[in-house]
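Commentary on secondary and tertiary structure
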Amino acid sequence: MHLHKSLKSMPQEQIFLLTAAFLMPFVFNVWSTLLNNFVVEKAAFTGKEIGLLQSIREIPGFLAFTAIYLLIFIKEQRFAILSIGIMSFGVAITGLFPSVYGLYLTTFIMSVGFHYFETIHQSLTLQWLPKTDAAHFMGKSLAVSSFAALLAFSGIWLLMSVFAISYETTYMISGAIGLTIALWMFFHFPLFSQPHGQHKSLVLRKQYWLYYMLVFLSGARRQIFMVFAGFMMVEKFGYSVGQISLLYGINYIFNLLFATRIGQWVGQVGERRALTVEYVGLVLVFTSYAFVENATLAGGLYVIDHLFFALAIAIKTYFQKIADHRDMAATASVSFTINHIAAVVIPTLLGIIWLTSPKAVFLVGTGFAICSLICSSLIPDQPSRDNITRFVKTSA
């Protein structure tokens, strides 16, 4: 009843954003949760192949800047729905191609939809929300995404552990659900007006340099977590599909319970303090990854690592405060490309290093976290268009 009243009083634009924030992680988390076990069992992947697959997955992220040109022909809102459909199709057919090159192809298709959606969803969120409400809403959106992920994990457990459904069928079911709800979104929601006309060309502004740097380091660091922390659980500690699903479930239960409050806290303490907490924690976590030998302790580190992701809201709200509203769509596209510059290269390079020294892979992550901590110290107490960094004020 409370949820129904809350949704009824919420603007339709925000309901659209929350629906999309639910659907994308539901479908994507089925793909990602099954991936490590699927590629090891069905295609005999090693660290080398999984690293290359993850690099291929990040190529569409690197090319996210092309979204701004596609917006010449399609509205952002429609583009978001189309992207969900492409991602869902890629997930649906993943189980049908259990080979190295088949998985590379289906991963690329899935990733095109995923990364275009993430780019457009971020742009629409920053455009449609007032600055004072952005952090709180992003926390709420993260909670909704976590609920979706929990449903995905529960579905995986039910289908595969209880009913012994195959990988192929599980992937097909999740993709079909994504396509169905995407069609519903297309016909259910009206085409909303844009509050600010968006630039339809690439935007790279020197005054946004600190934001670009934070985004770049975040992308590099996140790849180590997404690719190698999960792979370590399967390869080194022998985690099963059920155990991986449980581990993910713990992560998302935390987000479901606390993400909205974390968003409020970020709004209260400011971006610099929030990111400082995140990066100090990540320095400790990545260093611990390098030396952990106990499966339970490794799982604990994985959960702690994931907890810090909610604080990354602060990077987006920092940009919203310093940027011209007309730059949102173009900069969202460029920022995703920047985020994925390292992401395209790092999985493959570190996948090769992994074969001889997994410890070195995680110590590289420690280095990225330290660089992020240094950069975050430059964020001012009150970011604005004429107060972009802590020590240098720049007129917009």
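Residues numbered from 1 in each chain as written. Predicted model: local features only at pLDDT ≥ 70, side-chain atom pairs only at ≥ 80, totals over all residues. Heavy atoms only, no water.

Side note on the overall build of the protein
Which entries qualify depends on this criterion: Only DSSP runs of H or I covering at least 4 residues are called helices, and only runs of E covering at least 2 are called strands; the numbering of each starts at the N terminus. The quantity called the radius of gyration is restricted to C-alpha atoms. Its globule counterpart is 2.2 Å times the number of residues to the power 0.38. Note on classification: 1.4 Å probe, protein chains only; a residue is buried when its accessible area is under 20% of the maximum for its type, exposed when over 50%, partly exposed between these limits. Note on definitions: a residue-residue contact is assigned when non-hydrogen atoms from the two residues lie within 4.5 Å. To be clear on the numbers: accessible area is Shrake-Rupley with a 1.4 Å probe, and residue cover counts the displayed protein chains and nothing else. Charged residues are defined here as Lys and Arg on the positive side and Asp and Glu on the negative side; His and the ends of the chain fall outside this count. Where a charge sits is defined by one atom per residue type, namely NZ (Lys), CZ (Arg), CG (Asp) or CD (Glu).
Within the protein, the secondary structure is distributed over 15 helices and zero strands. A compact globule built from 396 residues should have a C-alpha radius of gyration of about 21 Å, and the protein, at 20 Å, falls within 12% of that. With respect to the three principal axes, the spread of C-alpha positions in the protein is 55 × 45 × 40 Å. The buried share of the protein, reckoned over its 396 residues, is 56%. Across the protein, contacts joining residues at least 24 apart in sequence account for 85% of those joining residues at least 6 apart. Split by element, the accessible area of the protein, about 16400 Å² in all, is 68% carbon and sulfur. On the protein, the mean spot of the 25 positive side-chain charges and the mean spot of the 17 negative ones are 7 Å from each other.

Quick word on the environment of histidine 136
Looking at where histidine 136 falls in the secondary structure, it is placed in helix α7 (residues 131-162). The exposure class of histidine 136 is partly exposed, given its relative accessible area of 31%. For the pair histidine 136 and lysine 206, spaced 70 residues apart in the sequence, the C-alpha separation amounts to 29 Å. Excluding residues within four positions of it along the chain, histidine 136 makes contact with Thr260, Gly263 and Gln264.

Looking at a nonpolar patch on the surface
To keep things clear, this is the line we draw: The patches described consist of residues with a relative accessible area above 30% and no salt bridge, like charges being joined within 9 Å and nonpolar side chains (Val, Leu, Ile, Met, Phe, Trp, Tyr) within 5 Å. Every case where a carboxyl oxygen of Asp or Glu lies within 4 Å of a side-chain nitrogen of Lys or Arg is listed as a salt bridge.
On the surface, a cluster of nonpolar side chains totalling about 510 Å² of accessible area is made up of Phe147, Leu151, Ile253, Leu256, Leu257 and Phe258. Among the elements of the structure, α7 and α10 (241-269) are those that each provide at least two residues to the nonpolar patch. No other element matches the four residues that α10 contributes to the nonpolar patch. Along the chain, the position of isoleucine 253 falls in helix α10. For isoleucine 253, a relative accessible area of 42% translates into the label partly exposed.

A short note on the side chain of threonine 106
Relative to the assigned elements, threonine 106 resides in helix α6 (residues 100-128). The buried category is assigned to threonine 106, whose relative accessible area is 0%. Dropping the residues within four chain positions of it, threonine 106 is found in contact with Gly90, Ile93, Thr94 and Phe97.

Quick look at the state of the cysteines
To be explicit about the condition: A pair of sulfur atoms, both from cysteines and within 2.5 Å, is called a disulfide here.
Across all of its chains, the model carries zero disulfides by this definition. Cysteine 375 takes part in no disulfide bond, and the closest cysteine sulfur, belonging to cysteine 371, lies 7.0 Å away. Given the relative accessible area of 12%, cysteine 375 is considered buried.

Points about the packing of helix α3 (residues 47-62) against helix α9 (residues 209-235)
Each pair of packed helices can be summarised by the angle the axes make with each other and by the distance between the axes. Note the cut-off: Only the contacting stretch of a helix is used when fitting its axis, a line to C-alpha atoms as for every element, and angles between N-to-C directions run 0 to 180 degrees. When describing relative orientation, an angle under 35 degrees is termed roughly parallel and one over 145 degrees roughly antiparallel, while 65 to 115 degrees is termed roughly perpendicular and anything else oblique. In a left-handed crossing the near helix is turned counterclockwise from the far helix by less than a right angle, and in a right-handed crossing that turn is clockwise.
Running from N to C, α3 and α9 point in directions that differ by 150 degrees, and their axes come no closer than 11 Å. For the element pair α3 / α9, the angle class is roughly antiparallel. The crossing of α3 and α9 is right-handed. From α3, Gly47, Ile50, Gln54, Arg57 and Glu58 reach across to α9, where they touch Gln223, Met226, Val227, Phe231 and Glu235.

A few points about the side chain of asparagine 37
Of note, asparagine 37 is situated in helix α2 (residues 12-43). When near neighbours in sequence (up to four residues on either side) are disregarded, asparagine 37 contacts Tyr167, Val234, Tyr239, Ser240, Val241 and Ile244.

As for the nonpolar core
Threshold: What makes a nonpolar core is a set of buried Ala, Val, Leu, Ile, Met, Phe, Trp, Tyr and Cys residues whose side-chain atoms join them at distances within 4.5 Å.
Counting 125 residues, the largest nonpolar core has Phe16, Met232, Met233, Tyr289 and Phe362 as its most contacted members. Sorting elements by how many residues they give to this core places α2 first, with 17 residues. Setting aside residues up to four positions removed in sequence, methionine 232 forms contacts with Phe237, Tyr289, Val292, Ala298, Trp354 and Phe362.

Some points on helix α12 (residues 295-307)
Rules: Multiply 1.5 Å by the residue count of a helix minus one, and that product is the helix's expected span. In protein, a polar contact means a hydrogen-donor-capable atom and an acceptor-capable atom, both N or O and within 3.5 Å, with residues adjacent in sequence counting only if both atoms are side-chain atoms; elsewhere, any N or O pair within 3.5 Å suffices.
The end-to-end C-alpha distance of α12 is 19 Å, a good match for the 18 Å that 13 residues give at a rise of 1.5 Å each. Three or more residues of α12 are buried, namely Ala298, Gly299, Leu301, Tyr302, Val303, Asp305 and His306. With a side-chain oxygen lying 2.9 Å from the backbone nitrogen of threonine 296, the N-terminal cap of α12 falls on asparagine 294.

Quick notes on the packing of aromatic side chains
Put simply, the rule is: Centres within 6.5 Å make a pair out of two Phe, Tyr or Trp rings, where for Trp the six-membered ring is used; the pair is then stacked when the planes are under 30 degrees apart, edge-to-face when over 60, and tilted otherwise.
What the rule picks out here adds up to 22 aromatic pairs. Aromatic pair phenylalanine 79 and tyrosine 116: ring centres 5.2 Å apart, planes at 45 degrees, arrangement tilted. Here phenylalanine 79 is found in helix α5 (residues 76-92), whereas its partner tyrosine 116 is found in helix α6, with 37 residues between them in sequence. Ring centres 6.3 Å apart and planes at 65 degrees place the aromatic pair phenylalanine 231 and tryptophan 354 in the edge-to-face group.

Let's talk about the pattern of salt bridges
Under the criterion given, the structure shown has four salt bridges. Across the salt bridge formed by lysine 236 and glutamate 293, the nearest N and O atoms sit 3.5 Å from each other. Taken together, the positions of lysine 236 in the loop between α9 and α10 and glutamate 293 in the loop between α11 (271-291) and α12 put the pair 57 residues apart, joining distant regions of the chain. Between arginine 272 and aspartate 381 there is a salt bridge, with the nearest N and O atoms lying 2.8 Å from each other.

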